[in-house]
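# A structural walkthrough
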Amino acid sequence: MTNFLYDALLAPHRNNPSVLFRLKDRTDWSYQDLIRSAGKIAAMLDSIGTSPGDRVAAQVHKSPEALALYIACVQYGYVYLPLNTAYTPSEIDYFVSDAKPAVLVCDSSAADGLRATTESNHCQLLTLDIDGTGTLTRQADTVTAATEAKPRDKDDLAAILYTSGTTGRSKGAMLTQRNLLSNAVTLHEYWQFTDKDVLLHGLPIYHTHGLFVATNTILLAGGSMIFLSSFNIDDYIEYLPKATTMMGVPTFYTRLLADNRLNKALVEHMRLFISGSAPLLAETHVEFEDRTGKIILERYGMTETNMSTSNPYEGERRAGTVGFELPGVDARIIDPESREEKATDEIGILEVRGDNVFKGYWQMPEKTAQEFTDDGFFITGDLAKRDADGYLHIVGRDKDLIISGGFNVYPKEIELILDEQANVLESAVVAAPHADFGESVVAVLVAQPGNSIDIDAVKSAASAQLAKFKQPKEYVIVDTLPRNTMGKVQKNLLREQVKDTFA
Ligand code: AMP
């Protein structure tokens, strides 16, 4: 038995002297630096009693050492469990109690607040700071780097990623070596990554996008990354000329567009811009092409499934769509009541199947069983439709669906109309409880900077274009929409904010 993931991502680079991480305030790291650092961490974790299959949790800032910790886990068969840096100690307590990791690595500033949690869960606490210092690397420096990888089966777990959990408790998605490797191979080929690629990487590495989509694809291709701790507009303007590709969430693109230094000359040499993790407005897609001459490639995926669909590399990248199923992925749109497949342009729930799809939720067999169909499709919970040319459109989450007076209202349909109105920058449509209709529609609007919205004009546009039951019954204007770090609008917060509208 071999270790497929390590053999594919790292082993080919054992003698590769080229740069992997281009860093802003530190010396660059080569592939060999990553392999050596990961080998030391793997051996050190082994020496303190960590065994294959044990979870290794990490709430750490983005650094090459943090990525070396992930690689160490792959190498020695520990299950890597990255945690959002924004989580509070009480949230971390839930993850540690649930996943029972053998080791938790945190920033040294957080260690005191987490000691009670690690002690009561028999978990060892190590530290790693953004500059690469801490007990993790200090102890790793005292051991000889492991050069071999421990054997793993393709169905052994490589990682557990907790979902963002906007409803109920966050669930641990169990990802196998097969899931990660199959997706990396597919994306590497589909998006035509090579060892000449330099990826501008400003995404967090506790999420599937920055961790697996970006990093695994680059490792497989043998390219390099400009590894920035987060998105910062000045850094992006400075580093874009040195990159060939960029992966971003839609807010990266809107922030770039808001800066007048973004122009054709700045990105002329760029091979590919990819967007995902939240819907990219068709308007942003069009504006980006107008300004730069580059057509953003939008793809779709989730923590549980890795990447499932993508617009084509060659061929039309259609604004407002997430393209087609990736090779090896089956996708279908199902009516949740009749279980029949929906016809062209009809909205239903998207289900996907393939090697990319996770093994299940950690210690939640019932929840896992509910979310898979008998023929092995994962029920994504995303509402989608397929157009006549086969392009898939994501129209929202099923839990965002509004049922008003027995009629289904799809927020996206209304948001598209609201977004077109004068002085409206963006909108979000949510439900508020309503005595007569069960739920009714509330529109939350953000004005273009320096402008104000004429609500009466918006109302008359809505009544001209939408059936009565879809028309917002109330309009709220806010400065900004609440978003998480991946750029997703947090509709749960908006629902809470407007819940008494019709009381
Ligand atoms: P996460 O597990 O945090 O990656 O979130 C996955 C969810 O993000 C999906 O279920 C979708 O609701 C949303 N999502 C990801 N990519 C896209 C996209 N390109 N367009 C629309 N929604 C997306």
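Our structure's up above, just so we're on the same page.
Residues numbered from 1 in each chain as written. Predicted model: local features only at pLDDT ≥ 70, side-chain atom pairs only at ≥ 80, totals over all residues. Heavy atoms only, no water.

### A few points about the overall build of the chain
Looking only at helices and strands, the chain features 16 helices and 25 strands. In terms of C-alpha radius of gyration, the chain reaches 23 Å, essentially the compact-globule figure of 23 Å for 503 residues. For the chain, the spread of C-alpha atoms along the principal axes amounts to about 70 × 55 × 45 Å. By the burial criterion, 57% of the 503 residues in the chain qualify as buried. Considering only contacts in the chain between residues 6 or more positions apart, those separated by 24 or more positions represent 66%. When the accessible area of the chain is evaluated, it comes to approximately 20,500 Å², of which 49% is carbon and sulfur surface. Here the chain holds 48 positive side-chain charges and 68 negative ones, and the gap between their average locations is 2 Å. (Helix = DSSP H or I, 4+ residues; strand = E, 2+ residues; numbered from the N terminus. Rg over C-alpha atoms; globule rule 2.2 N^0.38 Å. Buried < 20%, exposed > 50% of the residue type's maximum accessible area, 1.4 Å probe, protein only. Contact = heavy atoms within 4.5 Å. Areas by Shrake-Rupley, 256 points an atom, 1.4 Å probe, with all protein chains shown as cover. Lys, Arg positive; Asp, Glu negative; His and termini not counted. Charge placed at Lys NZ, Arg CZ, Asp CG, Glu CD.)

### Things to note about the sheet that holds strand 25 (residues 474–478)
Pairing is mixed across the open sheet formed by 3 strands, whose spatial order is 23-24-25. If you trace the sheet from one side to the other, it starts and ends with strand 23 (424–434) and strand 25, each paired once. Ignoring strand direction, the axes of neighbouring strands in this sheet form an average angle of 25°. Where strand 23 and strand 24 (residues 438–447) come together, 10 bridges link them in antiparallel fashion. Each bridged residue has a counterpart across the sheet, and for P433 the counterpart in strand 24 is E439. (Pairing = 2+ DSSP bridges. Axes fitted to C-alpha atoms, helices over the stretch in contact; angles between N-to-C directions.)

### Some points on the site of the ligand
The environment of the ligand is formed by 15 residues, the closest being E298, R299, T303, D382 and K488. In this structure, an oxygen atom belonging to the ligand sits 2.9 Å away from a side-chain N or O atom of H207. The contact in question runs from an oxygen atom of the ligand to an N or O atom on the side chain of D382, over 2.6 Å. Burial of the ligand by the surrounding chains reaches 92%, relative to a free accessible area of 500 Å². When contributions to the shell around the ligand are tallied by element, the ones reaching two or more residues are strand 13 (297–302) and strand 20 (392–397). Among the elements that take part in the shell around the ligand, strand 13 stands out by supplying 5 residues, more than any other. In terms of residue class, the shell around the ligand is built from 6 nonpolar, 4 polar and 5 charged. (Near = heavy atom within 4 Å. Polar contact = N/O pair within 3.5 Å; in protein donor to acceptor, adjacent residues only side chain to side chain. Nonpolar A, V, L, I, M, F, W, Y, C, P; charged D, E, K, R; others polar.)

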